[in-house]
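What follows is each chain in one-letter form.
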Amino acid sequence: MNTTNLVSKWIAAAPYLHSVLRIVAGLMFFFGGMMNLFAFPVAIVPGGGTVPLMSQGGIGSILQFVGGALLVLGLFTRPVAFILSGMMAVAYFQFHAPQSFWPMINMGMPAVLYCFIWLYFSAAGAGPWSLDSKRNSK
């Protein structure tokens, strides 16, 4: 196999890797919401509990859980990703940025990364392995 053929195959895989990124990032986001809401597989709330549903953390966890599931499926990807991007921007500036300017010090790197990953998907869409692509093909 020559280098040109390998490069062309790798380039052709880009749309599918786009979907893989959405699925994996959506799963990680979904699992974060699941831990806050159901303390499964482990509780991350001090004392082993869950977040109160009608609190800011509860609303954020619901958005993580439902939004993460929708992104894994690739359903309503653009609006869901836009909302989640905004949620992560708020989370960063409200909870992390006051601690320190630097994301690696204020523990805000996941919030920043998710903010920009979701912003990207709000513009780029879900990719070929998604329910959105199935809905649009009919």
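Up top you'll find the structure we're talking about.
Below you will find a few notes about this structure. (Residues numbered from 1 in each chain as written. Predicted model: local features only at pLDDT ≥ 70, side-chain atom pairs only at ≥ 80, totals over all residues. Heavy atoms only, no water.)

Attention now goes to the overall build of the protein. Within the protein one finds 7 helices and 0 strands. Taken from N to C terminus, the helices and strands of the protein fall in the order α-α-α-α-α-α-α. Along the longest, intermediate and shortest principal axes, the C-alpha atoms of the protein span 55 × 35 × 25 Å. Of the contacts formed within the protein by residues at least 6 apart in sequence, a portion of 63% connects residues at least 24 apart. Carbon and sulfur atoms provide 76% of the accessible area of the protein, an area that totals close to 8500 Å². (Helix = DSSP H or I, 4+ residues; strand = E, 2+ residues; numbered from the N terminus. Contact = heavy atoms within 4.5 Å. Areas by Shrake-Rupley, 256 points an atom, 1.4 Å probe, with all protein chains shown as cover.)

Let us now look at helix H2 (residues 14-38). The terminal C-alpha atoms of H2, which comprises 25 residues, lie 35 Å apart, in line with the 36 Å expected from a rise of 1.5 Å per residue. For H2, the set of buried residues is His18, Ser19, Arg22, Ala25, Gly26, Phe29, Phe30, Gly32, Gly33, Met34, Asn36 and Leu37. Where H2 ends, the next residue or the one after it, Ala39, has phi of about 55°, a positive value. (Expected span 1.5 Å × (residues − 1). Buried < 20%, exposed > 50% of the residue type's maximum accessible area, 1.4 Å probe, protein only.)

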